[in-house]
Amino acid sequence: MKLVVVSAGLSVPSSTRLLGDRLAAAVGRQSDVDVEVVELRDLAVEIAHHFTNGFPGRKLAAALDAVTWADGLIVVTPVFSASYSGLFKSFFDVVEKDALTGMPVLIAATGGTARHSLVLEHALRPLFAHLRGLVVPTGVYAASEDWGAQGLDGRIERAAGELVGLMAGRPAKKGAEPAVVPFGEQPAALRPAG
(Lines give C-alpha, C1' and ligand atoms only; values in the text may rest on other atoms or scores of the structure.)
Protein backbone atom coordinates (compact mmCIF):
# COMPACT_ATOMS: atom_id res chain seq x y z
CA MET A 1 0.00 0.00 0.00
CA LYS A 2 1.11 3.53 -0.71
CA LEU A 3 1.03 6.09 2.09
CA VAL A 4 1.60 9.78 1.31
CA VAL A 5 2.54 12.29 4.00
CA VAL A 6 1.73 15.91 3.16
CA SER A 7 3.75 18.24 5.39
CA ALA A 8 3.17 21.99 5.43
CA GLY A 9 6.06 22.77 7.77
CA LEU A 10 8.07 25.82 6.78
CA SER A 11 11.24 25.62 8.88
CA VAL A 12 14.16 23.21 8.71
CA PRO A 13 14.09 21.21 10.89
CA SER A 14 10.32 21.27 11.21
CA SER A 15 8.23 19.93 14.09
CA THR A 16 5.44 19.51 11.54
CA ARG A 17 7.62 17.23 9.39
CA LEU A 18 8.79 15.41 12.54
CA LEU A 19 5.19 14.66 13.51
CA GLY A 20 4.46 13.44 9.98
CA ASP A 21 7.51 11.17 10.09
CA ARG A 22 6.51 9.75 13.47
CA LEU A 23 2.98 9.06 12.25
CA ALA A 24 4.28 7.36 9.09
CA ALA A 25 6.69 5.23 11.15
CA ALA A 26 3.78 4.14 13.39
CA VAL A 27 1.77 3.13 10.33
CA GLY A 28 4.81 1.26 9.01
CA ARG A 29 5.06 -0.72 12.27
CA GLN A 30 1.47 -1.88 11.81
CA SER A 31 1.35 -2.47 8.05
CA ASP A 32 3.61 -2.87 5.03
CA VAL A 33 3.49 0.54 3.35
CA ASP A 34 5.59 2.50 0.89
CA VAL A 35 5.88 6.06 2.21
CA GLU A 36 6.25 9.18 0.09
CA VAL A 37 6.57 12.62 1.68
CA VAL A 38 5.31 15.76 -0.04
CA GLU A 39 6.95 18.89 1.40
CA LEU A 40 4.70 21.81 0.54
CA ARG A 41 7.36 24.44 1.26
CA ASP A 42 9.23 23.16 -1.82
CA LEU A 43 6.08 23.59 -3.94
CA ALA A 44 4.97 27.07 -2.82
CA VAL A 45 5.91 28.88 -6.05
CA GLU A 46 4.41 26.19 -8.29
CA ILE A 47 1.18 26.24 -6.26
CA ALA A 48 0.94 30.02 -6.73
CA HIS A 49 1.63 29.70 -10.45
CA HIS A 50 -1.06 27.02 -10.74
CA PHE A 51 -3.59 29.53 -9.43
CA THR A 52 -2.59 32.14 -11.98
CA ASN A 53 -2.05 29.99 -15.08
CA GLY A 54 -4.16 26.89 -14.38
CA PHE A 55 -1.33 24.41 -14.94
CA PRO A 56 0.79 22.58 -12.38
CA GLY A 57 4.57 22.66 -12.70
CA ARG A 58 6.52 19.41 -12.90
CA LYS A 59 7.06 19.00 -9.14
CA LEU A 60 3.52 20.01 -8.26
CA ALA A 61 2.10 17.60 -10.86
CA ALA A 62 4.12 14.76 -9.31
CA ALA A 63 2.86 15.69 -5.82
CA LEU A 64 -0.74 15.83 -7.02
CA ASP A 65 -0.36 12.42 -8.67
CA ALA A 66 1.12 10.98 -5.48
CA VAL A 67 -1.80 12.24 -3.41
CA THR A 68 -4.40 11.16 -5.97
CA TRP A 69 -3.09 7.59 -6.22
CA ALA A 70 -2.29 7.03 -2.55
CA ASP A 71 -4.03 4.35 -0.52
CA GLY A 72 -3.96 6.67 2.49
CA LEU A 73 -2.86 10.15 3.53
CA ILE A 74 -1.28 11.70 6.57
CA VAL A 75 -1.71 15.48 6.46
CA VAL A 76 0.17 17.72 8.89
CA THR A 77 0.08 21.50 9.16
CA PRO A 78 1.40 24.08 11.58
CA VAL A 79 -1.29 26.25 13.16
CA PHE A 80 -1.41 29.83 11.90
CA SER A 81 -4.09 32.22 13.17
CA ALA A 82 -6.04 29.35 14.79
CA SER A 83 -6.29 27.35 11.54
CA TYR A 84 -4.24 25.46 8.95
CA SER A 85 -1.60 27.38 7.05
CA GLY A 86 -2.44 29.16 3.80
CA LEU A 87 0.09 27.00 1.95
CA PHE A 88 -1.64 23.84 3.24
CA LYS A 89 -5.07 25.10 2.12
CA SER A 90 -3.72 26.30 -1.23
CA PHE A 91 -2.32 22.84 -1.99
CA PHE A 92 -5.62 21.13 -1.30
CA ASP A 93 -7.40 23.81 -3.34
CA VAL A 94 -5.51 22.62 -6.45
CA VAL A 95 -6.11 18.90 -5.83
CA GLU A 96 -8.70 17.59 -8.31
CA LYS A 97 -12.28 17.82 -7.02
CA ASP A 98 -12.91 14.08 -6.57
CA ALA A 99 -9.33 12.92 -5.92
CA LEU A 100 -9.85 12.34 -2.19
CA THR A 101 -13.26 10.69 -2.35
CA GLY A 102 -13.12 7.66 -0.06
CA MET A 103 -9.44 8.29 0.76
CA PRO A 104 -8.43 7.38 4.34
CA VAL A 105 -6.93 10.51 5.90
CA LEU A 106 -5.14 11.01 9.22
CA ILE A 107 -5.19 14.67 10.25
CA ALA A 108 -2.47 16.21 12.41
CA ALA A 109 -1.20 19.63 13.42
CA THR A 110 1.54 21.30 15.42
CA GLY A 111 1.45 24.51 17.41
CA GLY A 112 3.05 26.45 20.20
CA THR A 113 0.40 25.76 22.85
CA ALA A 114 -2.36 23.27 23.56
CA ARG A 115 -4.91 26.10 23.12
CA HIS A 116 -4.84 25.51 19.37
CA SER A 117 -5.64 21.79 19.51
CA LEU A 118 -9.23 22.38 18.37
CA VAL A 119 -7.85 23.18 14.91
CA LEU A 120 -8.24 19.45 14.24
CA GLU A 121 -12.00 19.53 14.79
CA HIS A 122 -12.84 23.05 13.63
CA ALA A 123 -10.64 23.34 10.52
CA LEU A 124 -8.98 20.11 9.36
CA ARG A 125 -11.81 17.61 9.86
CA PRO A 126 -14.38 19.82 8.04
CA LEU A 127 -11.94 20.45 5.16
CA PHE A 128 -11.36 16.75 4.52
CA ALA A 129 -15.02 15.88 5.07
CA HIS A 130 -15.82 18.45 2.36
CA LEU A 131 -13.26 16.75 0.10
CA ARG A 132 -15.08 13.46 0.89
CA GLY A 133 -12.09 11.81 2.53
CA LEU A 134 -12.53 9.22 5.28
CA VAL A 135 -11.00 10.98 8.26
CA VAL A 136 -9.82 8.68 11.06
CA PRO A 137 -11.46 9.33 14.45
CA THR A 138 -8.21 10.22 16.22
CA GLY A 139 -6.49 13.40 15.08
CA VAL A 140 -3.04 14.16 16.49
CA TYR A 141 -2.07 17.60 17.77
CA ALA A 142 1.41 18.24 19.14
CA ALA A 143 2.08 21.41 21.11
CA SER A 144 5.62 22.38 22.03
CA GLU A 145 5.26 20.80 25.48
CA ASP A 146 4.04 17.47 24.00
CA TRP A 147 7.42 16.52 22.54
CA GLY A 148 8.94 13.99 24.92
CA ALA A 149 5.88 14.04 27.21
CA GLN A 150 3.60 11.11 27.94
CA GLY A 151 0.53 10.82 25.78
CA LEU A 152 1.79 11.83 22.34
CA ASP A 153 3.13 8.36 21.51
CA GLY A 154 -0.18 6.76 22.47
CA ARG A 155 -2.17 9.17 20.28
CA ILE A 156 0.21 8.53 17.39
CA GLU A 157 -0.13 4.75 17.69
CA ARG A 158 -3.93 4.87 18.03
CA ALA A 159 -4.34 7.17 15.01
CA ALA A 160 -1.94 5.04 12.95
CA GLY A 161 -3.92 1.91 13.80
CA GLU A 162 -7.14 3.59 12.70
CA LEU A 163 -5.55 4.66 9.41
CA VAL A 164 -4.21 1.15 8.77
CA GLY A 165 -7.68 -0.26 9.39
CA LEU A 166 -9.26 2.08 6.86
CA MET A 167 -6.50 1.51 4.31
CA ALA A 168 -6.82 -2.27 4.62
CA GLY A 169 -10.54 -2.09 3.87
CA ARG A 170 -10.09 0.02 0.73
CA PRO A 171 -9.62 -1.35 -2.78
CA ALA A 172 -5.96 -1.16 -3.85
CA LYS A 173 -6.64 1.13 -6.81
CA LYS A 174 -9.26 3.79 -7.35
CA GLY A 175 -12.04 2.52 -9.51
CA ALA A 176 -11.23 -1.10 -8.72
CA GLU A 177 -14.25 -3.15 -7.80
CA PRO A 178 -14.13 -4.88 -4.42
CA ALA A 179 -13.70 -8.62 -4.67
CA VAL A 180 -16.97 -10.51 -4.56
CA VAL A 181 -16.72 -13.52 -2.27
CA PRO A 182 -19.32 -16.28 -2.78
CA PHE A 183 -21.53 -16.61 0.30
CA GLY A 184 -20.29 -20.09 1.23
CA GLU A 185 -16.66 -18.91 1.16
CA GLN A 186 -17.11 -15.97 3.52
CA PRO A 187 -15.27 -16.19 6.82
CA ALA A 188 -17.57 -17.51 9.54
CA ALA A 189 -17.43 -14.19 11.38
CA LEU A 190 -19.04 -12.43 8.38
CA ARG A 191 -21.87 -14.96 7.83
CA PRO A 192 -25.27 -14.18 9.29
CA ALA A 193 -26.20 -16.27 12.30
CA GLY A 194 -28.86 -18.91 11.80
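The residue numbering used here restarts from 1 in each chain and proceeds along that chain's sequence as written. The model is predicted, so local features are restricted to residues of pLDDT at least 70 and side-chain atom pairs to those at 80 or more, both for listing and for counting; the totals for chains, interfaces and linings are taken over all residues. Excluding hydrogens and water, the side-chain values take into account all heavy atoms of the structure.

**Quick notes on the packing of aromatic side chains**
Rule in force here: Pairing of aromatic rings covers Phe, Tyr and Trp, the last through its six-membered ring, and needs centres within 6.5 Å; plane angles under 30 degrees mean stacked, over 60 mean edge-to-face, and all others mean tilted. Starting at the N terminus, helices and strands are each numbered in turn, a helix being any DSSP run of H or I of at least four residues and a strand any DSSP run of E of at least two. Buried, partly exposed and exposed residues are distinguished by accessible area as a fraction of the type maximum, computed with a 1.4 Å probe on protein chains only: under 20%, between the cut-offs, and over 50%, respectively.
Scanning all chains against the criterion turns up five aromatic pairs. Taking 5.0 Å as the distance between ring centres and 55° as the angle between the ring planes, the aromatic pair formed by phenylalanine 88 and phenylalanine 92 counts as tilted. Placement of the pair is phenylalanine 88 and phenylalanine 92 together in helix H4 (residues 86-94), with a separation of four residues, close to one helical turn. The pair phenylalanine 88 / phenylalanine 92 is uniform in exposure class, with both members buried.

**Side note on the side chain of serine 14**
The following threshold applies: In protein, a polar contact means a hydrogen-donor-capable atom and an acceptor-capable atom, both N or O and within 3.5 Å, with residues adjacent in sequence counting only if both atoms are side-chain atoms; elsewhere, any N or O pair within 3.5 Å suffices.
Tracing the backbone through its elements, the reader meets serine 14 in the loop between strand S1 (2-7) and helix H1 (15-30). Polar contacts involving the side chain of serine 14 include one to the main-chain amide nitrogen of threonine 16, which spans 3.1 Å. Within the local environment of serine 14, its side chain forms a polar contact with the backbone nitrogen of arginine 17, the two atoms lying 3.1 Å apart.

**Some thoughts on the nonpolar core**
Using the following cut-off: We define the nonpolar core as a collection of buried residues of types Ala, Val, Leu, Ile, Met, Phe, Trp, Tyr and Cys that are connected through side-chain atoms lying within 4.5 Å of one another.
Phe88, Phe91, Phe92 and Phe128 are the most contacted members of the largest nonpolar core, which totals 39 residues. At the level of secondary structure, the elements contributing two or more residues to this core comprise S1, helix H3 (58-68), strand S3 (72-80), H4, strand S5 (104-111), helix H5 (119-130) and strand S7 (140-143). The greatest single-element share of this core, amounting to six residues, is contributed by H5. Among the nonpolar cores identified, the runner-up in size contains 22 residues, and Val5, Ile74, Val140 and Leu152 belong to it.

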